[in-house]
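An overview of the molecular structure
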Amino acid sequence: EMPTGCEITASYMILKYYHFPISKVRFGNKYFEVKEKKTDYRYSFVGDPYSEYGLGGYAPAVVLALNRYFKVCESDLLAFNYTGYSFETLLNAVGKGYPVIFWGTQYMKEPFYGSTFKLGEDTLTWISQEHCMVLIGYDLGKKTAFVNDPLAGPVEYDLDLVKKRYLQLGSQAII
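Described in the following lines is the structure provided in the data block. Since this is a predicted model, take the numbers as computed values, not measurements.

Conventions we followed
Residues numbered from 1 in each chain as written. Predicted model: local features only at pLDDT ≥ 70, side-chain atom pairs only at ≥ 80, totals over all residues. Heavy atoms only, no water. Pairing = 2+ DSSP bridges. Helix = DSSP H or I, 4+ residues; strand = E, 2+ residues; numbered from the N terminus. Expected span 1.5 Å × (residues − 1). Contact = heavy atoms within 4.5 Å. Buried < 20%, exposed > 50% of the residue type's maximum accessible area, 1.4 Å probe, protein only. Arc of directions from axis to C-beta. Phe/Tyr/Trp six-rings, centres within 6.5 Å; stacked < 30°, edge-to-face > 60°.

1. Let's talk about the sheet that holds strand β3 (residues 100–105)
Strand order in the open sheet made by the five strands is β8-β7-β6-β3-β9, with antiparallel pairing throughout. A single partner strand is all that each edge strand has here, and the edge strands are β8 (153–158) and β9 (173–174). Bridge count for β3 against β9 is two bridges, and the pairing is antiparallel. Looking at the pairing, Phe 102 lines up with Ala 173 of β9.

2. Here's the deal with helix α3 (residues 59–72)
Between the first and last C-alpha of α3 there are 20 Å, a value that for 14 residues agrees with the 20 Å anticipated at 1.5 Å per step. Packing partners of the buried residues in α3 comprise α1 (6–17), α2 (24–31), β2 (45–46), β3 and β9.

3. Examining the pairing of β3
Where burial is concerned, most of β3 is hidden: six out of the six residues are buried. Where β3 meets strand β6 (residues 130–139), six bridges bridge the pair, whose relative direction is antiparallel. Each residue of the ladder has a partner; that of Thr 105, found in β6, is Glu 130.

4. Here we look at α2
Since one α-helical turn is 3.6 residues long, residues separated by three or four positions face the same way. Within α2, burial applies to Lys 24, Phe 27, Gly 28 and Tyr 31. Angularly, the buried residues of α2 cover 105 degrees about the axis, an arc narrow enough to put them on a single face. Where α2 is buried, its residues touch α1 and α3.

5. Section: the packing of aromatic side chains
Considering all chains together, one arrives at eleven aromatic pairs under this definition. With 5.8 Å between their ring centres and 85 degrees between their planes, Phe 27 and Tyr 69 make a pair best called edge-to-face. Residue Phe 27 is found in helix α2, and its partner Tyr 69 is found in helix α3; the two are separated by 42 residues along the sequence. The pair Phe 27 / Tyr 69 is uniform in exposure class, with both members buried. Ring geometry for Tyr 82 versus Tyr 85: centroids 4.4 Å apart, planes at 40 degrees, classification tilted. Under the relative-accessibility criterion, Tyr 82 is labelled partly exposed at 23%. Taken together, the ring pairs connect Phe 20, Phe 27, Tyr 31, Phe 32, Tyr 69 and Phe 70 into an aromatic cluster.

These values are about where atoms sit, not about what they do.
This is the structure in structure tokens:
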């Protein structure tokens, strides 16, 4: 449904985990701020998630969308931006039963720099292969991470590679 809507899909996975009654399409259409034109993808979804040419959004944009929904539902839940936290902090949260939205890359491929945007005084460069997923478990003995991946479904990735991609995408996460 949304070839470039991994942030929306990862958020929807979290909402389903907590048994919220909303469809992915309704959640994306109603709660994500979507901008068709060049804008700041840190705070809104840039491009069309229904197009293969859309870009996406970063953690602050997803936190805003989730918290808009939680407020409408009068839920006690809140989404928190954990950008900049260590990967071990994410593992600790998962160990306590909290699924974690995090940014890595599509199929854990090597990222590369994409389009550059000038926004006032800021210059932003999109990191290509950017992808948003949900960390749901790990096995330190096998050094694997269990991930709900909007592109691949439930998958197992090398734990060190997931950590590397998380760091390469700016250590972005939401709990």
